[in-house]
Amino acid sequence: VLFAALFLCGCDSIWDLNMEPGKPVYDDVGKEGIIRGNVTAAYSMLLYSDIFGEYYWGQLGGMDTDESFRYNVSNQTNIPNAHNITSSATCVRDMWKDLYKVNEFCNTAIMMCETTDELSETEIKDIKGQAMVLKAFAHFTLACNFGPVPIKKDASYDMGLVTDLKREPVKDVCQYALDLCREAVSLLPSIDQTRNSGVITK
């Protein structure tokens, strides 16, 4: 233990990590690959079973009302639309967690766009626009399913140790989502320009 302590203390003089408590390593220069990777990761989260993959349209949003029902489900299966979830069911928790992951990927991409020199202004606007709409989707879906939820506007890197976000009223969360979408319209290209229905456009 003593040897390890001496070795680790000596590392500070060799490597200038320049780290603050609670912050990940980031050199304040946005790299194109990392920026695009964060947006791609946000899109990828939508395929998770607790968002679009199955639970959202199936378990949470699609078949839990009087208009439809889910049959042929074992009473041992803990899913919302079977109306038998328990405190140990993970699907609800995972939906909350993964929608905030979508938001975090987008916040990080937007933050890094501010310091990149590897993207054109048009590319930056497009990336920011896509990220803003994905952030809006995450907050709107959270509010629809959980009621008042925290609005997380900044990347965790920028927040440091300030993590005491309070729940905001549903009306305010939905207004935040709407404002993001309205702002994104002027940044996004039209589908005629992208010729791609797999990404968010004007």
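Residues numbered from 1 in each chain as written. Predicted model: local features only at pLDDT ≥ 70, side-chain atom pairs only at ≥ 80, totals over all residues. Heavy atoms only, no water.

Undergrad: I'd like a rundown of the packing of helix H6 (residues 121-146) against helix H8 (residues 170-185), residues and numbers included.
TA: Between H6 and H8, whose axes approach to 8 Å, the crossing angle comes to 160°. Classed by the angle they form, the pair H6 and H8 counts as roughly antiparallel. In this structure, the crossing between H6 and H8 has a hand that is left-handed. Here Gly129, Met132, Val133, Lys135, Ala136, His139, Phe140 and Ala143 of H6 lie close against H8, whose contacting residues are Val170, Val173, Cys174, Tyr176, Ala177, Leu180, Cys181, Glu183 and Ala184. Tallied by class, residues from the contact of H6 with H8 come to 13 nonpolar, two polar and two charged. (Axes fitted to C-alpha atoms, helices over the stretch in contact; angles between N-to-C directions. Helix = DSSP H or I, 4+ residues; strand = E, 2+ residues; numbered from the N terminus. Parallel < 35°, antiparallel > 145°, perpendicular 65-115°, else oblique. Left-handed = near helix turned anticlockwise from the far one by under 90°. Contact = heavy atoms within 4.5 Å. Nonpolar A, V, L, I, M, F, W, Y, C, P; charged D, E, K, R; others polar.)

Undergrad: So, the confidence of the model for the protein: which residues are in play, and what are the values?
TA: Per-residue confidence for the protein averages 82 on the pLDDT scale, and 72% of its residues sit at or above 70. Contacts of residues 13-17 to residues separated by more than four positions or lying in other chains number zero contacts, the stretch itself having pLDDT below 50. (pLDDT = per-residue confidence, 0-100.)

Undergrad: Requested: an account of unusual backbone geometry, with residues and values cited.
TA: Residues other than glycine seldom take positive phi values, yet Arg195 does so here, at roughly 50°. Within the element layout of this structure, Arg195 appears in the segment after helix H9 (191-194). For Arg195, a relative accessible area of 77% corresponds to the exposed category. (Buried < 20%, exposed > 50% of the residue type's maximum accessible area, 1.4 Å probe, protein only.)

Undergrad: Could you give me a rundown of helix H2 (residues 32-45), with the residues and numbers involved?
TA: With 14 residues, H2 extends 20 Å from end C-alpha to end C-alpha; this agrees with the ideal 20 Å at 1.5 Å per step. The set of residues buried in H2 consists of Ile35, Asn38, Val39, Ala41, Ala42, Tyr43 and Met45. Here the buried face of H2 lies against helix H3 (49-53), helix H5 (91-113) and H6. (Expected span 1.5 Å × (residues − 1).)

Undergrad: Any details on H5? Residues and values, ideally.
TA: Relative to the 33 Å expected for 23 residues at 1.5 Å per residue, H5 spans 33 Å between its end C-alpha atoms, a close match to the ideal helical length. Burial analysis of H5 places 17 of its 23 residues in the buried class, which makes it a mostly covered element.

Undergrad: So what's going on with the packing of H2 against H5? Residues and values would help.
TA: Two numbers describe how H2 lies on H5: the axes approach to 8 Å, and their chain directions differ by 160°. When the interaxial angle is binned, H2 and H5 end up roughly antiparallel. The chirality of how H2 crosses H5 is left-handed. Across from Ile34, Ile35, Asn38, Val39, Ala41, Ala42 and Met45 in H2, the residues of H5 making contact are Asp98, Lys101, Val102, Phe105, Cys106, Thr108, Ala109, Met112 and Cys113. Its residues assigned to classes, the contact of H2 with H5 shows twelve nonpolar, two polar and two charged.

Undergrad: How would you sum up the pattern of salt bridges? Please name residues and give values.
TA: Enumeration according to the criterion identifies eight salt bridges in this entry. Glu32 is the salt-bridge partner of Arg36, the closest N and O atoms lying 3.0 Å from each other. Of this pair, Arg36 and Glu32 both sit in helix H2, four residues apart, roughly one helical turn. With relative accessibility at 27%, the residue Glu32 sits in the partly exposed group. Measuring nitrogen to oxygen at the nearest pair gives 3.5 Å for the salt bridge that ties Lys97 to Asp94. Pair noted here: Lys97 and Asp94 are both in helix H5, with a separation of three residues, about one helical turn. Looking at Lys97, the relative accessible area reads 37%, which means it is partly exposed. (Salt bridge = Lys/Arg side-chain N within 4 Å of Asp/Glu carboxyl O.)

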